[in-house]
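# Observations on the model geometry
If you want the building blocks of each chain, they are given just below.
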Amino acid sequence: MRNTIVSLISIILGLIAGGLLMLFIGASPVEGYTYLFQGALKNISRIGDTLATATPLIFTGLAVAFAFRTGLFNIGAAGQMLIGGLAATAVALTMDLSRPILILVMVLAGIIGGSLWAFIPGLLKARFNVHEVVSTIMMNWIAYWVVYYIVPANFKGGTETESKLISETASLKMPLLTEMFQGSYINMGIFFAVLAVIVIAFIINKTTLGYELKAVGFNRHAAEYAGMRVNRNIILSMLISGALAGLGGVALYTGNASSMQIGILPSQGYDGIAVALLGANSPIGVFFAAVLFGILYSGTGFMNAMIEIPPELANTIIAIIIYFAATSVLIQRVFNKFRNTKTNSNDVAGPVGKKGES
Amino acid sequence: MSYVVEMLNIRKEFPGIVANDNITLTLKKGEIHALLGENGAGKSTLMGVLFGMYQPEKGIIKIREKEVRITNPNVANQLGIGMVHQHFKLVENFTVTENIILGSEPLKGMVLDIDKAAKRIAELSKHYGLNVDPHAKIEDISVGMQQRVEIMKMLYREAEVLIFDEPTAVLTPQEIDELMKIMRNLIKENKSIIIITHKLKEIKAVADRCTVIRRGKGIGTVNVKETSEAALAEMMVGRHVNFKVDKKASTPGDVVLQIDSISVKNNRKVMGLKNFSIEVRRGEIVGIAGVEGNGQSELVEAITGLRKVESGEISLNGKEITNIPIRQRIDSGIGHIPEDRHKRGLVLDYTLENNMVLEIYNKKPFAKFGLLNGSAIKSYAKKILENFDVRSGEGGVSIARTLSGGNQQKAIIGREMELDPDLLIAVQPTRGLDVGSIEYIHKRLIEHRDRGKAVLLISLELDEVLQLSDRIAIVNNGDLIGTVNASETNENEVGLMMAGVNKERSV
Ligand SMILES: Nc1ncnc2c1ncn2[C@@H]1O[C@H](COP(=O)(O)OP(=O)(O)O)[C@@H](O)[C@H]1O
Ligand SMILES: [Mg+2]
């Protein structure tokens, strides 16, 4: 509840700041935002595109949030996406299977690729206490170069920097869906994403696995005391997190797109951190945060086309929102103060400050 | 009569609980005033109100007879009120001087004038007999010394009213004596002191008057000279308190824990426990006496599996457990009340309910096919919390962090007792608890023994070890000095052995 309010306030402040920026460059904020939201939601096809843009973000947001719940900071979603996407693309380009089975195998390949990429930092952390921030970033660059060499060598497409296009049989795009959304590039990735949100929410809140992972995340000493296998949980959490990011790669490269580019780390990897932060690390929160980012990203093109506001503005707004969300402690303070002056008490530390001393 | 502080009819609420309900406390100039109450009675809250950390819903605060509103700690500072918190607020890798001037840095033109500050600190230190080195780093000095830095911080800011929140909880007996001396010095210099404690001895030793609160309500203020420890205890808990532990002679049965010549490394990677052997039988409490850091933690962690055993053997009920995983040890009947309740005992960000099933969340009926059963957990937790009188704002759904330390401790003890372990390892089970809770916990430990279970008690309080144990093993520097029957020994003998003097009369 409190988190939701903080996130909403961050969003509003971010939008206000964005409006000020528009004013600053001489455009009308009302007009700007009107075009931005029109660009994202004006018609059914644009809504489809917005959802498709949000899809990989839902996955990477979930990946980061899930790891975070176990006390791990997975910055490697980008690399895990690349490997997941590469594995799925390889399956799509080499295997001759019927569509349902092919897609199933692609999804599995994406899961395995992503989780393998996250397994290594997990193992390093569990075994040698190597900090996962360092190792996941390094894995990002390893993934970058792996794709850089494997794609031209094995799956070279029209140009040097691109893989072959996957066939329609292998694409996550569904004719029915494309038709319903009037030519949008929305695809079944969004269904997988919603399913993932539900599954992850379920794991975190309802299962003994979730109980353990959270316990390890909050206090690994107490988890150890209680007989939980801390190292196993760290690795497991990274595996699941990587699998989610890998699925994000599948959605991005075989759903939204039909080929892989080399020389690019997908920006959705780092955006996942922002999505998780804004979504307060809860699966439902991640879903809505990702959709919001989808709106901002997919609306800017239209806004830019209609009036002279540069498309970078979306990034700026997102950055500001994140800034406010990250400094949410501040917002919470102000919020408390505001609420408490109404009830005539303003505790410095807030009602749940550090406690438990005597 | 001139009062420096008058807190009149203070009321402070937290979600679900009235922490202070119409409490009045007055402080005379130049007196040491004790604030006594059980864990969670609302002492820290009341002082938080005085120090500007909380705003009261009702009530008046007067400082030097003028009504004031203390809206934040800075206002308190300006009014000459200083506070030493239960957990110190020092920057570890700063020097003493840097810590003290933090927030009121002396300037020479535009630059910091550290030397001037250091000089003043040295003077103050001499004046009050504090003996702090202005240039030492916080991380290099003892807890007792850190506390003096906190005291110095108040003096440096020229506080007249000094509040100490349970200052003795973290100190060794010698350090406590020295603190008392310092407090008397401060009074001579016309400072006024409020000290929170639930150690009755200390109140008798230094305080002039004592205000007692119970469950958020003011019970009264008494002159310490005219009252007894027993009377104070009764005011605090609201019933007669039995200081002496009643217990029957033990009737030891089969061996539950057998430790055979184990050696264990400590954190510095040298042997912290050397060729240590001991056994604990059904129906007896074996106490480990020793000065802190003489191998007690290593022993406990070796038995519970938190630390590797280098050589030797541990068995439980005749089965070897030297190298098996922690979970298996718990399952085969070891309960553990850990030394550090925040580090090991609780997941502070979990609810109490979740904390009550920390070891058994994956067992029936709390889980089936990997799914948690919320209602089973709820009712199980409720039973423990009621049984052990754990007080919290919102019952089982309170976040563990929001509980007072004593209640956290009771929750942990309740959890471990509920597992009904064959071997209960109780490490400092009553640290930081008030006399009422101590009495209760001692009773439960003895009950556990009388149900034919084994109890291994590790405590730094010699009184506690002597009173509860049937046999006492004394450790010094990782060696077992000897084992004595509690009924045949006394404080002197055990004290000598703790210092490493070996005795012939080992059993
Ligand atoms: N910041 C807080 N938020 C919610 N409840 C609190 C807070 N601080 C204290 N309480 C509750 O108020 C009661 C009194 O606590 P406290 O003043 O810390 O007791 P003590 O007498 O042990 O110092 C306890 O029940 C505690 O759980
Ligand atoms: Mg307290």
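Given the structure is predicted, the values throughout are model-derived calculations rather than measurements. Every residue gets a number counted from 1 within its own chain, in the order that chain's sequence is written. For this description, chains carry letters from A and ligands carry numbers from 1, given in the order in which they are written. Only residues with pLDDT of at least 70 get local features here, since the model is predicted, and only at 80 or more are side-chain atom pairs given and counted; chain-wide, interface and lining totals rely on the full set of residues. Side-chain descriptors were evaluated using all non-hydrogen atoms of the structure, hydrogens and water having been removed beforehand.

Here we take up the overall build of chain A. In terms of regular secondary structure, chain A is built from 15 helices and zero strands. Here chain A has a C-alpha radius of gyration of 21 Å; the compact-globule value for 358 residues is 21 Å, and the two agree. A principal-axis box enclosing the C-alpha atoms of chain A has dimensions of 70 × 60 × 35 Å. The rule is simple: take the accessible area with a 1.4 Å probe, protein chains only, and divide by the maximum for that residue type; under 20% is buried, over 50% is exposed, in between is partly exposed. The burial tally for chain A puts 54% of its 358 residues in the buried class. Sequence separation of 24 or more characterises 75% of the internal contacts of chain A that already satisfy a separation of 6 or more. Per element, the accessible surface of chain A, about 15,600 Å² overall, is 68% carbon and sulfur. Taken as two groups, the 21 positive and 15 negative side-chain charges of chain A have centres that lie 13 Å from each other. Helix and strand assignments come from DSSP, with helices taken as H or I runs of at least 4 residues and strands as E runs of at least 2, each series counted from the N terminus. Radius of gyration means the value over C-alpha atoms here, while the globule rule gives 2.2 Å times the residue count to the 0.38 power. In what follows, residue pairs with any heavy atoms lying within 4.5 Å of each other are defined as contacts. Reported accessibility uses the Shrake-Rupley method at a 1.4 Å probe radius. Residues are deemed covered only where the shown protein chains occlude them. As used throughout, the charge tally considers Lys and Arg to be positive and Asp and Glu to be negative, leaving His and the chain termini uncounted. Note that the charge is assigned to NZ on lysines, CZ on arginines, CG on aspartates and CD on glutamates.

Turning our attention to unusual backbone geometry. In terms of backbone geometry, most residues other than glycine have negative phi values and most peptide bonds are trans. Residues and elements named next belong to chain B. In this chain, Lys364 is followed by Pro365 through a cis amide linkage whose omega measures 0°. By the secondary structure assignment, Pro365 is in the loop between helix H12 (352-356) and strand S19 (367-368). The phi dihedral of Ser261 is positive, around 55°, even though this residue is not glycine. Its place among the elements puts Ser261 in strand S13 (residues 255-265). Of the residues examined, Ser261 reaches a relative accessible area of 27% and is grouped as partly exposed.

Turning our eyes to something else, we now look at the interface of chain B and chain A. Taken residue by residue, the interface counts 50 residues in chain B and 32 residues in chain A. For the pair chain B and chain A, the summed buried surface comes to about 3,400 Å²; carbon and sulfur atoms form 56% of the total. Of all residues in chain B, Tyr350, Tyr361 and Arg401 of chain B give up the largest surface area on contact with chain A, accounting jointly for 17% of the area buried on that side. One speaks of a salt bridge when a side-chain nitrogen belonging to Lys or Arg is within 4 Å of a carboxyl oxygen belonging to Asp or Glu. Seen at the junction of chain B and chain A, the total is one salt bridge. Throughout this description, a polar contact denotes any pair of N or O atoms lying within 3.5 Å of each other; where both atoms belong to protein, one of them has to be capable of donating a hydrogen while the other can accept it, and for residues adjacent in sequence the pair is counted only when both atoms sit in side chains. Counting across the chain B and chain A interface gives 16 residue pairs in polar contact (both at pLDDT 80 or more). Tallying contributions element by element places helix H14 (residues 405-418) of chain B first for the side of chain B that touches chain A, with five residues. Within the side of chain B that touches chain A, the residues separate by chemical class into 20 nonpolar, 18 polar and twelve charged. For any pair of parts, buried area is found by adding up, for both, the accessible area (1.4 Å probe) each one loses once the two are put together. Ten residue types, Ala, Val, Leu, Ile, Met, Phe, Trp, Tyr, Cys and Pro, are classed as nonpolar, four, Asp, Glu, Lys and Arg, as charged, and the remainder, Gly among them, as polar.

This part covers helix H5 (residues 143-156) of chain B. Residue and element names in this part refer to chain B. Multiplying 1.5 Å by the helix residue count minus one yields the expected span of that helix. Compared with an ideal rise of 1.5 Å per residue, which puts 14 residues at 20 Å, H5 spans 20 Å between its outermost C-alpha atoms and is within 8% of the ideal. With twelve of its 14 residues buried, H5 lies for the most part within the structure. Within the span of H5, buried status applies to Gly144, Gln146, Gln147, Arg148, Val149, Glu150, Ile151, Met152, Lys153, Met154, Leu155 and Tyr156. Against strand S6 (81-84), helix H3 (96-101), helix H4 (114-128), strand S9 (161-165) and helix H6 (173-188) lie the buried residues of H5. Immediately downstream of H5, the backbone of Glu158 shows phi near 60°, a positive value.

Moving on to the domain arrangement of chain B. Residues and elements named next belong to chain B. Segment limits for the domains were obtained from an automatic or database-derived domain assignment. As assigned here, chain B comprises domain 1 (3-237), domain 2 (253-333 + 423-507) and domain 3 (344-420). Its C-alpha centre places domain 1 at a distance of 33 Å from the equivalent point of domain 3. Across the boundary between the two partners, domain 1 contributes seven residues, which contact six residues of domain 3. Taken over both partners, the interface formed by domain 1 and domain 3 buries close to 510 Å², and the fraction arising from carbon and sulfur atoms is 43%. One salt bridge connects Glu38 with Arg391, and the closest N-O pair in it is separated by 3.6 Å. Where domain 1 touches domain 3, the interface holds one residue pair in polar contact (both at pLDDT 80 or more). A breakdown of the residues in the side of domain 1 that touches domain 3 according to their chemical character gives two nonpolar, three polar and two charged.

All names here are of chain B. Looking at the element boundaries, Arg401 is found in the loop between helix H13 (374-387) and H14. Look at Arg401 and you get buried, because its relative accessible area is 18%. A sequence separation of 54 residues divides Arg401 from Val347, and the C-alpha atoms of the two residues are 8.4 Å apart. Polar contacts involving the side chain of Arg401 include one to the side chain of Asp349, which spans 3.2 Å.

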